[in-house]
Amino acid sequence: MTLPLPASWLAQLAQRVDVAPRAPRVALLAGDARIGSVEPELLSGLQLPASVVREQAGAWQVQADLQTSLDAIATAMRDAGIAHSWRNEQLAVTDEAGRRLATIERAAVRPLGITTFAVHLAGMTREGRHWVQQRALTKATDPGLWDTLMGGMVPASDSLEAALERETWEEAGLRMSQLERLSHAGRVLTRRPSVDYAGGFIVEWLDWYRCVVPAGIEPRNQDGEVERFALLDDAELARRLLGEDFTLEAAWVLSESAR
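Numbering of residues starts from 1 in every chain and runs along the sequence as written. Local features in this predicted model are restricted to residues of pLDDT 70 or higher, and side-chain atom pairs are both shown and tallied only at a pLDDT of 80 or more, whereas totals for entire chains, interfaces and linings draw on every residue. Computation of side-chain values covers all heavy atoms of the structure but excludes hydrogens and water.

Q: Mind laying out the overall build of the chain, listing which residues take part and the relevant values?
A: The helix and strand labels rest on DSSP assignments: H or I over at least four residues marks a helix, E over at least two residues marks a strand, and numbering proceeds from the N terminus. Of regular secondary structure, the chain possesses six helices and 13 strands. Relative to the compact-globule value of 18 Å for 259 residues, the chain shows a C-alpha radius of gyration of 19 Å, a close match. Only protein chains enter the accessibility calculation, which uses a 1.4 Å probe. A residue is then buried if its area is under 20% of the maximum for its type, exposed if over 50%, and partly exposed in between. Considering the chain as a whole, with its 259 residues, one finds that 51% of them fall into the buried category. Here a residue-residue contact requires only that any non-hydrogen atoms of the pair lie within 4.5 Å. Sequence separation of at least 24 residues holds for 65% of the intrachain contacts in the chain that already meet a minimum separation of 6. Only the protein chains shown count as covering a residue, and every accessible area follows the Shrake-Rupley method with a 1.4 Å probe. When the accessible surface of the chain is summed, it comes to about 12,100 Å², and 47% of that surface belongs to carbon and sulfur atoms. Averaged over its 27 positive side-chain charges, the chain has a centre that lies 2 Å from the centre of its 36 negative ones. It is over C-alpha atoms that the radius of gyration is taken, and the globule rule equals 2.2 Å times the number of residues to the power 0.38. Residues counted as positive are Lys and Arg, residues counted as negative are Asp and Glu, and His and the chain ends are not counted. By convention, the charge on Lys lies at NZ, on Arg at CZ, on Asp at CG and on Glu at CD.

Q: Tell me what's going on with helix 6 (residues 248-257), and back it up with residues and numbers.
A: With nine of ten residues buried, helix 6 is to be regarded as a mostly interior element. Within helix 6 the residues assigned to the buried category are L248, E249, A250, A251, W252, V253, L254, S255 and S257.

Q: Got a sec to walk through the sheet that holds strand 3 (residues 53-56)? Specific residues and values, please.
A: Strands pair in a sheet through their backbones, by hydrogen bonds, and they do so in one of two ways: parallel or antiparallel. A pair of strands is labelled paired if DSSP reports no fewer than 2 bridges between them. As summarised here, the arrangement of the four strands in space is 2-1-4-3, forming an open sheet in which the pairing is mixed. Either end of the sheet is taken by a strand with one partner, and the two such strands are strand 2 (33-38) and strand 3. When the angles between neighbouring strand axes are averaged without regard to direction, this sheet yields 30 degrees. Relative to strand 4 (residues 59-62), strand 1 (residues 26-30) runs parallel, the two sharing three bridges. Residue pairing in the sheet places L29 in a bridge with Q61 of strand 4. The axes used here are C-alpha line fits, helices contributing only the stretch in contact, and every angle between their N-to-C directions lies in the interval 0 to 180 degrees. Along the sheet, helix 3 (residues 66-79) makes contact with strand 1, strand 2, strand 3 and strand 4, crossing strand 4 at roughly 120 degrees.

Q: Describe in detail unusual backbone geometry, supporting the description with residues and values.
A: Here the amide bond leading from A64 into D65 is cis, since omega sits at -5 degrees, within 30 degrees of zero. Counting through the fold element by element, D65 comes out in the loop between strand 4 and helix 3. Of note, the phi angle at Q47 is positive, near 55 degrees, even though the residue is not glycine. For Q47, the position within the fold is in the loop between helix 2 (41-46) and strand 3. Exposure remark for Q47: the relative accessible area of 71% places this residue in the exposed category.

Q: Lay out helix 3 with the relevant residues and their values.
A: Counted at 1.5 Å a residue, the expected span for helix 3 with its 14 residues is 20 Å, and the 20 Å between its end C-alpha atoms agrees. The set of residues buried in helix 3 consists of L66, S69, L70, I73, A74, A76 and M77. Projected down its long axis, helix 3 shows its buried positions confined to an angular sector of 160 degrees, all on one face. Away from its buried face, by an angle of more than 90 degrees, helix 3 presents the exposed residues T68 and D79. One or two positions beyond helix 3, positive phi appears at G81, with a value near 80 degrees. Every helix has an expected span of 1.5 Å times one less than the residues it contains. Of all possible arcs, the one meant is that of the directions from the helix axis to the C-beta atoms.

Q: So what's going on with the nonpolar core? Which residues, and what values?
A: Nonpolar cores were defined as sets of buried Ala, Val, Leu, Ile, Met, Phe, Trp, Tyr and Cys residues, with membership established by side-chain atoms within 4.5 Å. The biggest cluster of nonpolar side chains holds 31 residues, and the ones touching the most others in it are L43, L70, I73, I104 and L112. Those elements that provide at least two residues to this core are strand 1, strand 2, helix 2, strand 4, helix 3, strand 5 (90-94) and strand 6 (100-105). Apart from the residues lying within four places of it in its own chain, the contact partners of L70 are I35, V62, V93, A102, T103 and I104. Residues L10, V132, L237 and A238 belong to the second largest nonpolar core, which totals 25 residues.

The values reported here are purely geometric and, on their own, carry no functional implication.
Structure follows, in structure tokens:
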């Protein structure tokens, strides 16, 4: 199966998943480990004590205890109206080798340029049609755009596989045991300015899976975050991708999964 997508569009898509910051950023460090990046004025504007974070040698150094300091930074960002979509959900904070060092509130990760992790599931029928979802109109990010069968971030409390299982149930009402030919299909690092946070920068590892949804089984949303599902053939999916109806992440996953 190959979607009828022009090579020029695919090349532009590849460029859109790796875009430089709009403004200069400096490293956010925990000891010798780089855990993120910030626009230089962000942390100085919060007026945090030097026991939490300090500017040092052209970077911002988070002080020990790392977890306590990150909690204080996130709270200060919330109080300043920077981390405004507070979720009470902790995401992992890792070094550049992927080793987990601490956690932080989800609302704080984009302004701090902290690497996040996401998982998507591309679902098809045995005949080759594609299950996709329209994101709820009330979602804070990309409301109303179309997405893969399932897509979500991996919280600190979940492994990749656990997040896949939980999100597939919450978003699509499907259990892993119902799916056929489930397999990990790829991974990509996305980097680009955030459209939801002024001065924010997205750094995210995106893992995606493929599966076949058997006949007689239809996705049904459980958490209120999906407007509706649709079943598209190759031509209709390509038309909607070219029309920019899908999120960037979904466009990448669906175009890659169809190769």
